[in-house]
Each structure stands twice: as structure tokens, then as C-alpha cells.
Amino acid sequence: MLQPAMDRVKSSMQQVPNAIPKVIRRTGGANSLELERENFERGQAVSINKAINTQEVAVKEKHARTCILGTHHEKGAHTFWAAVNRLPLSSNAVLCWKFCHVFHKLLRDGHPNVIKDSMRNKADLADMSRMWGHLSEGYGKLCSIYLKLLITKMEFHIKNPRFPGNLQMSNRQLDEAGENDVNNFFQLTVEMFDYLECELNLFLGVFNSLDMSRSVSVTAAGQCRLAPLIQVILDCSHLYDYTVKLLFKLHSCLPADTLQGHRDRFQEQFKKLKSLFYRSSNLQYFKRLIQIPQLPENPPNFLRASALSEHISPVVVIPAESSSPESEHVVETEDLVDTDVPSLPAPSEVKFDDLFGTSAAIDPFNFSSQNGMRKDDKDRLIEQLTREIQALKEELESFRLESGRLCQALRGRVNELEAELAEQSHLRLQAAGESEFLKAELDDLRRAREDTEKEQRSLTEIERKAQANEQRYTKLKEKYTELVQSHADLLRKNAEVTRQMTVARAAQDEVEAVRREMQEKVKSAQEAADRQEREQVKQLQELQRELVSTQTELDSLKTSMASSQQSSEVLGTQLVALESEKAELVQTLSKVEAELAVQGEELQRVQSSLATERESGVKTAEALQNQLNEKESREQALESQLVAARWSSLQGAVEEAERIIQDSLAQIDDPAHISCTSSADYLASRCQASLDSMERLQSAREAFLADNTAVLELVRVVTQCGHLVGDTIVQGSATSHMVPVEQADALSESVKTCGSEALSLLGQLKQQDSLAAADGSKLRAALEAILATAEKLRPRGLELQQGELGDLVEQEMAATSAAVESAAARIEEMLNKSRAVDTGIKMEVNERILASCTELMQTIKELILSSKDLQRDIVESGRGAASMKEFYAKNSRWTEGLISASKAVGWGATVMVDAADMVVQGKGKFEELMVCSHEIAASTAQLVAASKVKADKDSANLHRLQQASRGVTQATAAVVASTKSGKSQIEDTETMDFSSMTLTQIKRQEMDAQVLVLELETRLQKERERLGELRKKHYELAGVAEGWGEEEEGTG
């Protein structure tokens, strides 16, 4: 059975000469990893040679998938290129075309390292493209175009590593690829145009090479050429989508005239791509493999920014591929082993003369010479036979090794076949199970049909009995027809209203998306400002370290000067000692002169020696004095250098502050800054911080004028002041984008005035002559003007004074606690009353509901107490030297959230008690109680969110508040569960009994029930619309209270 399969493998392998070596070498003592690697390389080589061959048919998907999985297993493409480099790609155009198809699949779906590993072969691919380009028709021209496309794809992904091989990216990843730089987006668009141009060239080349008048897509040769276009369609859909989005982004940042060339090139490629997509969708080959999208009738209008919302990204759908019925049960290792056995020398080839000598040449009667010759022949014969035996042994051993390898390969193939057989058995068992299941379903259907037939017979009997009442039934039927018609009209109206609501929701979702995008842009601008601030702090720290090193050097010089002074003191001591010694010598000389007058010559020698010593002492004293003068001059020079260093550090800080402010003024005029926005609250905080830094700058300047050694504080304050003023300028310009035109112009002028005054003040601080006369009053006045404008632009909120806002927080929290206490007392009173009046199931239901409500009130009280403790911690940690009321007023938005949440909790508790009272009395509805429970849960969640927004995440009170919030959630769930259980218990007591009713009565009640259903559906629809209007109005009122309306008006 294996022989035909082995023959097929051998014939397929002989189509590509020298594809893989016949014998794969196995080293002795190879471990399991080497065997696994060897098996992997063998399997990859077989799959590559099956996928890339000279047959003019499309590449089989399973072989290409094996190559793709191999790159993920290897994390690269080394094995793929090792096998491909042995293929004669330059001599067979079909072979090169199928290589391009497989390589394109690997670039798209293979491991990311495939692109990097393939760049080493870029030069070879380019040479091959030029070589095939000399052909003007057939596969040669197509190979040249395809190779250029693959080279362009590799270069694009190397330049833009953020793009994966399959080009699938989200909108955020596409924005990150350009790094928010318009130049990067411009260059990226040009590269995408080049990339798409290569794709379209291949598209056109394939279509031009086919005879479209015949059904070429159903032939093997036509499918061989059309198969790679699936990868091209996938690439083109993504490139077209990204190009449209990038062009809209460029038009929002650059003038329209600058992008005229981009628009012209896009128009040309749009027409080509639309035509090619339309032609491809009509081919039978593509209809079963891929769903090709259709482009819009007209290209997008990039001059209108709102046209981006009309753009629909083309989506290519590839249906799930069905399992191929063919399976190649062949031995794929036969050609890996050469089973040819060298021919052994036949025994008949050994001649008789070689064994016994030539009888014709020897005299039979010459015994002496005959014996000698026979002995030599025997020796030669023995040696010859020994060599032949040794050669035969070696050949036999090699044959055994080759046979062992072949047996091992055959065993591997047998194992594979056994695995496939087991899989087929599993599928057979699964099919048998499905068959049994279908049989069971068939039996069920048969039984159901029998039951239906029985019911049909009973229905016929009932109809025969109901003939007497047919006239009255006819009248009722006419009325029923009218009701059905009215019901159909109402359903159509309901569908129309639902469609309008869907459109409104889509518009609202679009507004929410725009709002989130604006918030992300504000966040990115703030992050950029924070990064700039951190860089400035790093520069300031470097200046501080340089100043510290300068001071250390000065201290070392002072130490050396002190040591030199000590040495000079030692020399002075020595000089005094010499003078005392000289005095003693003078005394000794006088005594010698008195006593020994005769020794004149000796006296003269002593006097000459004393004179010499005196001269040397004088010279030593002069040298010491010179050294002392040099030390003093060096100290003065160092002091002057230190003063110069201090002044240069101050000038460097001032220049850095000037650059910061100049950069901030330049950002105002930057077109990219138009999309940046900020709030009036943040601008006011920046202005206040700038005014505080102006006070510190004035104090540091006065301290420096009094003592020039205090330069460190002045440098720090100058840098900080420059940063804060620059931030104020940027935030002021960003805030002007959110306010009406008149206020925006006034704010922009104030910001520019502030920048010019800041540069003027820094210019005065940079000069020693004008440092003392530097006046920051103008800059302070400009900052105060910006602060006043920001205060005017702040949302008013609840329009309360500082004292009133702080008092209102305490009042609302106290009122909420009182409302919860009152609700708990009322629930207890209702529980006692229910126990005295009700009995049976009703008393049990009421007790369970009121007990769960009591537990909910207890958890709410714990939540309010925890919230108070947490608010106290927040106020104590955040107010500083300010009072509690001032803290509440400073954080007005947060305070208003607390007030709103407290009101909602108190109101929810009161409404819930009223609903529970009505339910216990039997006048209310269980649904009202469940809705009140959900409303209380939402209100407590709002209170928790408002309380912990400014809390420390490690606070014990915060953990206690979160635990209380979870308790409220569980208690709310218990209330809802007890309410549902009670409702079901009460409803179960009212059983429906239709046994005593006639057919006419049942029909009458059926019609009444249908009328009631229609009325309830109409009422349900109206109540849903009313609920939507209520939520809309609540959203508008909440927006007014939070200041959203003013922010949206400023944005418009």
C-alpha cells in the first residue's frame, strides 16, 4: 500500500531539483532537542517544497499554514530562507510567483521577526525583480511587480515598526504611530500612498494578464494568478481606511492648499481601487473565499471635517474555511534516504584463471616453477578476497544504517497514519452520537405529531359543538379584526418611534465620543506640561549640584590657605628662635672678646659666619612674605571667580526662565495648540501659584542684594516663577478656546501682556545695573487681571458664599442622618402594626420585607457615619492653615457633589418608607419598593464616590466606607429579593381555575385579556417615553448645577 504513495512523493520531489538533500545526516549521540529540531526542519522543508513548486495551480492553504506556524515555532524565518535559497527561483517564473505568494502570507500572518530576518535577502530580491522585469508578458512581468511590492512592504514595516504585518490597528494605535507630530503624519501618508500604489500595480497586472472574456477564475492556471490577490485585497482595505483617517487629521492641522497633491493622488488611487474591487467581486473564484467590500460612490470630502463621521471603514470578511476532503497519505521521507545499494561483484566475474592461474602459459610438467607461481597467486588471491570482504562489510553496514533510517521514517509515518486513523475514529464516534441524537429528536417529533393529531381530532369535535354559537362568534371576530388592525397601526408607530430613538441614541453616543476625545487631549496636554516641569526641575538640580561643587572647591582652597598660614607661623617661630640664638651668640662673642682678646682671627671668622646666617634669615623672611602675598592674591581671585560663578548661575536661570516663557508664547500661535483646552478653575489655581512665586521672587531678590551669597534661593525662585508664568500663559490660551469670542479675545490679550511683562522683568534681573531697580508690579497686575477673568469664567454652581457652603454641608449631612433615623423608626412602627393586624402569608411577607428594609436603614446609617469620618480626615489633611468652611468653599465642586449625594440619600430613604407603608397596607405595588431600593443603592454609590474622590487610598476610614458601601449593596439586594419572594407568594395564592367555564366564556375572557394587553403595551410605551424625558430633564438640571452648560457654550 505504501509503494504508490512513495512513488507520488518521489515524483513531486523530482519536480524541483536539489530541493533538500537525499540523506539528512544524524550525528551520533544526538539528544531529543536535536531530533525535534531535525524533525521540525524536515517537516518545514517538505511543506515549503509542496507549497512552492512548478505546477501552475494555487498554493494549498494547509501547506502555507504549516510554514506560518513554523515561523511562530521558530520565532523567525531562518528555516524558511534556508529552504528557499536552494530553490531555482531565477529559472522558473511559476516557482518564483508561488514563492512570492507564500512569502506575502508569512509577512502578514507569520512571526514579527520574519520581516527583520527577511531584510537580509532584500538585495537578492531586488536583483531578481530587475531580472524578471526584462520579460514583457507572462509570469515574469508579474513576478517583477510582486517582488517590488514585497520589498516596499518590508521597508514600510521597518520604518514604521508600530504597524503589524497584517496592518490591523485601532484608531488610538494609529495616532500613536504619528507621535502627535503633523510632520510624522505627513510622511506616513506619503509612505502609505507608495505602498498602496504597489498593491494596485500588482492588481492591475494580474487582471491585464488574464483573458476576462472566458471563465478564467475556475481554471487552475487562472486561480494560480488570482490567489495572491486575496492578500492584496486585505492590505488595500486597511491602507485605504488609514489613508482617509490620516488625510482628515492633516486637513485639521494644515492649510488645504498644502495638501492639494495628497488629495489628487488619493482621488486617482480611489478610482483604481473602487474599479478593481468591483471587478474582483464579480469573479466566481473570490465569491467562495472572501467577501470584498464596496467603496462609496464618491470619495470623501476632506475639506469638510464632519465628513469623517460619514466614512465607513471597509471590512473584508473571510468565511470559515471548510475542511479539505483530500488528505495526502504519502510517505514524505522516501526521497530523504537513498535506498540504492551498490552492485556487488558477481561470483561469475571471478575468473578461473585468477583462482588457479593460466594453464596455457604454464608447463604442466614443470613442477618446481608451477608450485612457486601457485604460491604467489594464492597470496594475491587471499589479499584480494580480504579487501573485497572488507568492502562488502562496509557496504553492508551502510546499507543497514540506511535501512534503519528508512524504517524509522516509515515508523513515523505509520504513527502519523495511526493518529489520523484515531482522529477519524473519533469523528466517526462523534457522528454516531449526533446520529443517535437526531434519532431521538425524530422520535420526539413523531410523538409530537401524534399528540398534534389527537388535539386536531379533539378540536374538530369542539368545532362541531360550537356551530350553534357561530353567529355571535362572527360578530366578535369582526370586532377582533378591528382591534388587530389598530394594534398593527400602533406597532408600526412604535417601530417608527423606536427608530427615532435609535437615531437619537447614536447622536448622543457621538457627542459622548467627542467629549471623551476632548478630555483625552486635555489630559495629554497636562501630561506634557508635567513632563516639561520635571525637565526644568532636573536642570535646576544640576545647577544646584554645580554650585555645591563650586562651594566645595572654595572650601578646599580655604583649607589650603589655612594650612599655608600655619606653615608661615611655623617659619616665624623658627625666625624668632634664630634671633634668640643670635642674641646668645652676641653675648658669647662679647664674653669671648673680653676674655680672649688674643683670638682675633677666630673672632673674625665667627663674625663672618654670623653675618652669613643673618643674611640667610633675612632672605628666608622675605620669601615667606612673598608666599603670604601670593596666597592673599589667589584668595582674592577665587573670591572674584565665585562671585562671577554666582552671577553666571543667576543669569543662566534667568535665561532659562526667558526660554520657558518664550516657548509658552510660541505655543499660543501654534496651530496644533488650537485643539488644547483647559478649565477656568485650573487657570485660577495656576495664576494664584504664579502670584505666590512673585512674592517669593521679591523676597529672594532683596536677600540677594543684601548678601550676594544667597544666590541659590534666587535661582530656584526665578526658575520656578518662569515655569509657573509660562504654564499660566499656556493654560490661559487653552481656556480661551472654551469661552465665547469676546471673553476669549480679552483673555488672550491678558495672556500676551503677561508674557511681555515677564520677559521685561527677567531682562532687568539679568543685568547687574538694573537688578536693584527691577519692578514686578506690572507682571503682578497682569497676573491679577488673568485671575479676575478666570474667576468670572468659573461655573457658579449653587451660588453660595463660603460660610453658607460650609454650613450647608453640615446641614445636609445632619438632615440625611435625621431622615434615615426617622425612616428606621417608621419601619419599626409599621412592623408592630402589621404583626397586630395581619395573619398568615401576608404577615410573613410583610415581616420579611420590613425586616430587610430595617437592615438596609442600619447599613445606610453606618455608611453616613463612615462618610462623615472620612470627610473629616479629608478636611484635616487638605485645609492646612485655612478653616473648614474655607476648605469647602475652595473645593466648591466637590462640596456641591457631597450636598447633592446627601440630599439623594435622604430623599430615597423617605420615599422607600412611604412605598413600604403602602405595600404593607395592601394599597401599593411591590415594583415601587424595588425601584426605591435601586434608587437608594445608586444614591449611596454617589455619596461614596463623592467622599472618596479626595481621600487617601491608604486611609482606614476609606476602607471602612467601602465596607459600608458593600453592606448597603447587599442589603438592597436583600430588599429586592424579599419583595420578589413576597410578590410571588401572594400571586400563587390567586390560582386560575377555568374548569367551570364554557367555550364562549373562555373566548370572551381571551378577548378581554388581549384588549388589556394592548392597553398595557400602549401605556408601557408612553411611560418609557416619559421616563426618557424625565432623565433628559434631570441631566439638563444636573448640568446647570455643575456648570456643564457654560463649559459647552465656551467650547462652541
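Residues numbered from 1 in each chain as written. Predicted model: local features only at pLDDT ≥ 70, side-chain atom pairs only at ≥ 80, totals over all residues. Heavy atoms only, no water.

Caption draft 1: Structural view of helix α2 (residues 32-51). With 20 residues, α2 ought to run about 28 Å at 1.5 Å a step, and its terminal C-alpha atoms sit 28 Å apart, in line with that. Looking at the buried side of α2, the elements it contacts are α3 (61-74), α4 (78-84) and α5 (93-109). (Helix = DSSP H or I, 4+ residues; strand = E, 2+ residues; numbered from the N terminus. Expected span 1.5 Å × (residues − 1). Contact = heavy atoms within 4.5 Å.)

Caption draft 2: Structural view of the confidence of the model for the protein chain. Mean pLDDT over the protein chain works out to 76, with 77% of the residues at or above the 70 mark. For the protein chain, per-element mean pLDDT is lowest for helix α15 (residues 352-356), which scores 39, and highest for α5, which scores 93. This model gives residues 1-30 a pLDDT under 50, and the stretch forms 52 contacts once residues within four places in sequence are excluded. Within the model, the stretch residues 321-373 combines pLDDT values under 50 with 67 contacts to residues more than four positions away or in other chains. (pLDDT = per-residue confidence, 0-100.)

Caption draft 3: Looking closely at the pattern of salt bridges. One pass over the structure, following the stated rule, counts 25 salt bridges. Across the salt bridge formed by Arg42 and Glu38, the nearest N and O atoms sit 3.2 Å from each other. Here Arg42 pairs with Glu38, and both are found in helix α2, just four residues apart, close to one helical turn. Here Glu695 and Arg780 are joined by a salt bridge, their closest N and O atoms 3.6 Å apart. In this pair, Glu695 is assigned in helix α19 (residues 680-706) and Arg780 in helix α23 (residues 777-793), connecting sequence segments 85 residues apart. (Salt bridge = Lys/Arg side-chain N within 4 Å of Asp/Glu carboxyl O.)

Caption draft 4: Structural detail: the packing of aromatic side chains. Counted by the stated rule, this structure contains 18 aromatic pairs. Taking 6.1 Å as the distance between ring centres and 35° as the angle between the ring planes, the aromatic pair formed by Tyr240 and Phe270 counts as tilted. Of this pair, Tyr240 sits in helix α12 (residues 229-251) while Phe270 is found in helix α13 (residues 260-281), placing the two residues 30 residues apart along the sequence. Taken individually, Tyr240 and Phe270 each receive the classification buried, so the pair is uniform in this respect. A cation over an aromatic ring shows up here: Arg225 above the ring of Tyr139, its NZ or CZ 4.5 Å from the ring centre. (Phe/Tyr/Trp six-rings, centres within 6.5 Å; stacked < 30°, edge-to-face > 60°. Buried < 20%, exposed > 50% of the residue type's maximum accessible area, 1.4 Å probe, protein only. Lys NZ or Arg CZ within 6 Å of the ring centre and 35° of its normal.)

Caption draft 5: Region of the structure containing a nonpolar patch on the surface. A surface patch of nonpolar side chains, amounting to about 260 Å² of accessible area, comprises Leu459, Ile462 and Leu999. Considering the arrangement of structural elements, one finds Leu459 in helix α16 (residues 367-465). Look at Leu459 and you get partly exposed, because its relative accessible area is 39%. (Patch = residues over 30% accessible without salt bridge, like charges linked within 9 Å, V, L, I, M, F, W, Y side chains within 5 Å. Areas by Shrake-Rupley, 256 points an atom, 1.4 Å probe, with all protein chains shown as cover.)

Caption draft 6: Representation of the packing of helix α8 (residues 138-159) against helix α10 (residues 182-208) within the structure. Running from N to C, α8 and α10 cross one another at 160°; their axes reach a closest spacing of 9 Å. What the angle tells us is that α8 and α10 run roughly antiparallel. The element α8 and its partner α10 pack so that their crossing is left-handed. Every residue of α10 that contacts α8 at Leu142, Ile145, Tyr146, Leu149, Thr152, Lys153, Phe156, His157 and Lys159 is listed here: Leu188, Glu191, Met192, Tyr195, Cys198, Glu199, Asn201, Leu202, Gly205 and Val206. Along the lines of polarity and charge, the residues of the contact of α8 with α10 split into eleven nonpolar, four polar and four charged. (Axes fitted to C-alpha atoms, helices over the stretch in contact; angles between N-to-C directions. Parallel < 35°, antiparallel > 145°, perpendicular 65-115°, else oblique. Left-handed = near helix turned anticlockwise from the far one by under 90°. Nonpolar A, V, L, I, M, F, W, Y, C, P; charged D, E, K, R; others polar.)

Caption draft 7: Quick peek at the packing of α2 against α3. α3 packs onto α2 with a crossing angle of 145° between their chain directions and a minimal axis gap of 8 Å. The way α2 lies across α3 gives a crossing that is left-handed. Counting all contacts with α2, which are made through Glu36, Arg37, Phe40, Gln44, Ser47, Ile48, Lys50 and Ala51, the residues of α3 involved are His63, Thr66, Cys67, Gly70, His73 and Glu74.

Caption draft 8: Broad picture of the nonpolar core. Counting 91 residues, the largest nonpolar core has Ile52, Phe80, Trp97, Phe99, Phe103, Phe163 and Phe286 as its most contacted members. Those residues within four positions of Phe163 in sequence are excluded, and the remaining contacts are Phe156, His157, Met169, Leu174, Ala177, Leu188, Met192 and Tyr242. If you look at the next biggest cluster of nonpolar residues, it comprises 42 residues, including Ala653, Val717, Leu761 and Leu787. (Core = buried A, V, L, I, M, F, W, Y, C linked by side-chain atoms within 4.5 Å.)

Caption draft 9: Seen up close, the side chain of Lys105. Structurally, the position occupied by Lys105 is in helix α5. Excluding residues within four positions of it along the chain, Lys105 makes contact with Glu61, Ala64, Ile68, Gly110 and Gln231.

Caption draft 10: Fine view of unusual backbone geometry. Positive phi is not limited to glycine here, since Lys75 has a value of about 60°. With respect to the helices, strands and loops of the structure, Lys75 is situated in the loop between α3 and α4. Overall, the relative accessible area of 56% leaves Lys75 in the exposed class. A positive phi angle, near 55°, is found at Asn180, a position not held by glycine. Among the structural elements, Asn180 can be located in the loop between α9 (171-177) and α10.

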